[in-house]
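# Observations on the three-dimensional arrangement
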Amino acid sequence: MSTHFDYLDHLEAQAIHILREVAGQFERPALLFSGGKDSITLVHLALKAFRPGKLPFPLVHIDTGHNFPEVIHFRDKLAASLGEQLIVRKVEDTIRRQGLKDAVGKFPSRNALQTYTLLEVIEEFEFDACIGGARRDEEKARAKERIFSVRDEFGQWDPKRQRPELWDIYNGSIRKGDNVRVFPISNWTELDVWSYIQQENIALPAIYFSHSRNCIVTPAGQLLAITEHINLDHDDEIAVREVRFRTVGDATCTAAVESPATTIDDIIQEILLAKISERGATRLDDRLSEAAMEDRKKNGYF
Amino acid sequence: MNILKFITAGSVDDGKSTLIGRLLYDSKAVSHDILQTLERQSRNKADGELDLSLLTDGLRAEREQGITIDVAYKYFSTPRRKFIIADAPGHVQYTRNMITGASNADLAIILIDARQGVVEQTHRHSLVASLMGIPQIVVAVNKLDLVGYSEERFYKIAASYQELAEKLNLEHITFIPISALAGDNVVEPSANMPWYQGPTLLQHLETVETEAVAENQAPRFQVQYVIRPKSNEWHDYRGYAGSLRSGVFRRGDRVVVLPAGIESEIVAIEVNQQQVETAFAPQPLVLHLAHDIDVSRGDTIARLDAQPAVTQDLEATLCWMSEKPLQPGDKLLLQHNSATVKAIVKSIEYRVDVHTFDRLPDDKLQLNDIGFVHLRTARPLVFDAYRQNRHSGGFILVNEHTHDTVAAGLLECATELQVG
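Residues numbered from 1 in each chain as written. Chains lettered and ligands numbered in written order. Predicted model: local features only at pLDDT ≥ 70, side-chain atom pairs only at ≥ 80, totals over all residues.

Our next topic: the nonpolar core. Within the largest apolar cluster, 183 residues are counted, with the highest numbers of intra-cluster contacts made by A:L31, A:I131, B:F6, B:A102, B:A108 and B:A140. Looking at this core, the element that brings in the most residues is helix α1 (residues 7–25) of chain A, giving 8 residues. In this view, B:A102 contacts B:I7, B:A108, B:V128, B:A129, B:M132 and B:I134; residues no more than four positions away in its chain are not counted. (Core = buried A, V, L, I, M, F, W, Y, C linked by C-beta atoms within 7 Å. Buried ≥ 20, exposed ≤ 12 C-beta atoms within 10 Å, placed from the backbone. Helix = DSSP H or I, 4+ residues; strand = E, 2+ residues; numbered from the N terminus. Contact = placed C-beta atoms within 7 Å.)

Residue and element names in this part refer to chain A. Packing of helix α4 (residues 91–98) against helix α5 (residues 114–125) leaves a shortest axis separation of 9 Å and a crossing angle of 85°. Regarding the angle of α4 to α5, the classification is roughly perpendicular. Only Q114, Y116, T117 and E120 of α5 make contact with α4, whose side of the interface consists of V91, T94 and Q98. Residue composition of the contact of α4 with α5, by class: 2 nonpolar, 4 polar and 1 charged. (Axes fitted to C-alpha atoms, helices over the stretch in contact; angles between N-to-C directions. Parallel < 35°, antiparallel > 145°, perpendicular 65-115°, else oblique. Nonpolar A, V, L, I, M, F, W, Y, C, P; charged D, E, K, R; others polar.)

All right, on to the pairing of strand β21 (residues 370–383) of chain B then. Residue and element names in this part refer to chain B. Alignment of strand β17 (residues 309–320) against β21, held across 10 bridges, turns out to be antiparallel. Along β21, the bridge assignment pairs L314 with L375. One ladder, built from 7 bridges, connects strand β19 (residues 339–352) with β21; its direction is antiparallel. Across the sheet, residue I348 finds its bridge partner in β21, namely V373. (Pairing = 2+ DSSP bridges.)

What follows is about the pairing of strand β9 (residues 237–245) of chain A. Residues and elements named next belong to chain A. Alignment of strand β7 (residues 211–217) against β9, held across 7 bridges, turns out to be antiparallel. Looking at the pairing, R213 lines up with R241 of β9. Sheet topology note: the β9/strand β10 (residues 256–258) ladder contains 3 bridges and is antiparallel. By the bridge assignment, V243 is partnered in β10 with E258.

Below, the discussion takes up the sheet that holds strand β3 (residues 81–87) of chain B. All names here are of chain B. The strand order across the open sheet formed by 6 strands is β2-β3-β1-β4-β5-β6, and the pairing between neighbours is mixed. Unpaired on one side and paired on the other, β2 (72–77) and β6 (173–177) mark the two borders of the sheet. The sheet shows a mean angle of 25° between the axes of neighbouring strands, taken without regard to direction. Sheet analysis places β2 next to β3, joined by 6 bridges and oriented antiparallel. From the neighbouring strand, A72 faces β3, where its bridge partner is D87. Strands in contact with helix α5 (residues 120–131) are β1 (2–9), β4 (107–113) and β5 (136–142); relative to β4, the strand with the most contacts, it is inclined by about 175°.

Shown next as structure tokens:
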């Protein structure tokens, strides 16, 4: 019988098992929802884990204010259609409240500032577990992170003090004030997520599929969507290109890729042939240094 | 297509990271930009060779010290199979990391340096593989290029490993001569070893049988979460959500809820909100029972004619993972999948010398020690012997004050550890 049990079934089974452990072990969990394909997949898995009951956690969106409008629209529609609670907290408000320095420059990324809002919302609702869609194949520091990743009251990750994680036993016991980040799709690759989206017929925001868009072509050849958040210069190279987004983050730090892919089949074919890794192709923020992700995680990042 | 999860174990300079790098690189799992980063970093190294180990060492301290500190998970696939690698460091102080990686592995690759042969670390790695019940072992004799691709050397090492394996009752062992650095017999067959006719490492990984035993075993199911919508539409709905860890459940099965011992019957099984007649491991399910009984998280639902052990007095092999030694009288939390109970250490019988496998009488377990203990729990535990069922025979111990995971435990039923 298990010959019918495909690798996607295994990955799904593990994710559902983890989500139910979160519900069983924590008082006040939350699902961090960005509107990207990984967190949309998480919501789909959560429905499988808990329906016909309600989800035992709200969806929480940390809104940088630099999002693509298509993603915000999708987020609101999804939460409404599910009848689940959506909590939105804005980075802008955190900046004002804490007197932080807003992102500056040509592509002002609020990516790092999200951490402050995340820690605020954790404190406000006393969340003890935050479920996220991070995957180990994304980045080398993530490859070392546990599925239940304990953070102290400052949200900090200490790679040297990680708990051993054995079998399918997840130790979620924590001190008061600490919290756990939980990554149910840790063992999925980019291709697995797309294959699953195809198998389950999961709806996604339109920006994942090919469309014409006004872009800045950076000197390094990356394509950045022109939005109100990017500061244009006179000598910028601007072009209309057929693009799609491989990851969905801030409009200011997520590059588009040129692509004619209009269906999930097309996208899967494209990934199979892709020569550049997901984050490498699209993230301006990881290129800063060899240990950029490790450093952000140590400071409380997702 | 299915998944093979494997672990790699070797001592510090056995070329383990290079081997993994080679598998990823030759199977084209490394993308262009990551390769560029690798080339840039490799230029800083003395010999200028592409340093494939940089693919796996993800933390800054690891790159700086040139060692692997923590278990890293890597993913690649071929048209035949998907692979998850748990790359565990070789040092003795990281035994706990190897145990962590081994707990979910279908296969272990044990690396041996052809110049050194079987060394002390090989003993320890093999002991862990044996204890953790990893079904398949590959002994990859590496650096054959440095011993002139000697057939004699390879077979000599294989023979001495065979002796070791017999002491540990290790079965299903495959020997492959390789050079991870030069690429011999890792992905591509080697032109340098015409005397070796067997599969390359990757060919073996692609075709090796993974155990399908989970289905032939007794069904084991623990309740993770009780689904009670309490809505108008689902007024009386009460479903027990959990994963079937082994075996098969059928609608109509006579069952018993443990440890309470209350009998009932499965009236419905849901998978993905669809009612099914049969469910099999490792499916996540929702079970519905015939009677309105008190069932909560951590309870086991077992078939009446295939019941697990239920007792408060446990015998277990422990792998101790904390800097503070374990002593008789210590109180800890014992987490057995979704069930958590208080436990006290009644006595420590012995620890195992990880190199000779001798049992040394002792009343303490230090960091990275493996030993045999007697525990008493506050409530009965429902389990199988680890050797009978990997899915219901393992537990962890948690320090109540630090909340850290401080031990991995393998439960015994009456009979003792077959080591030594």
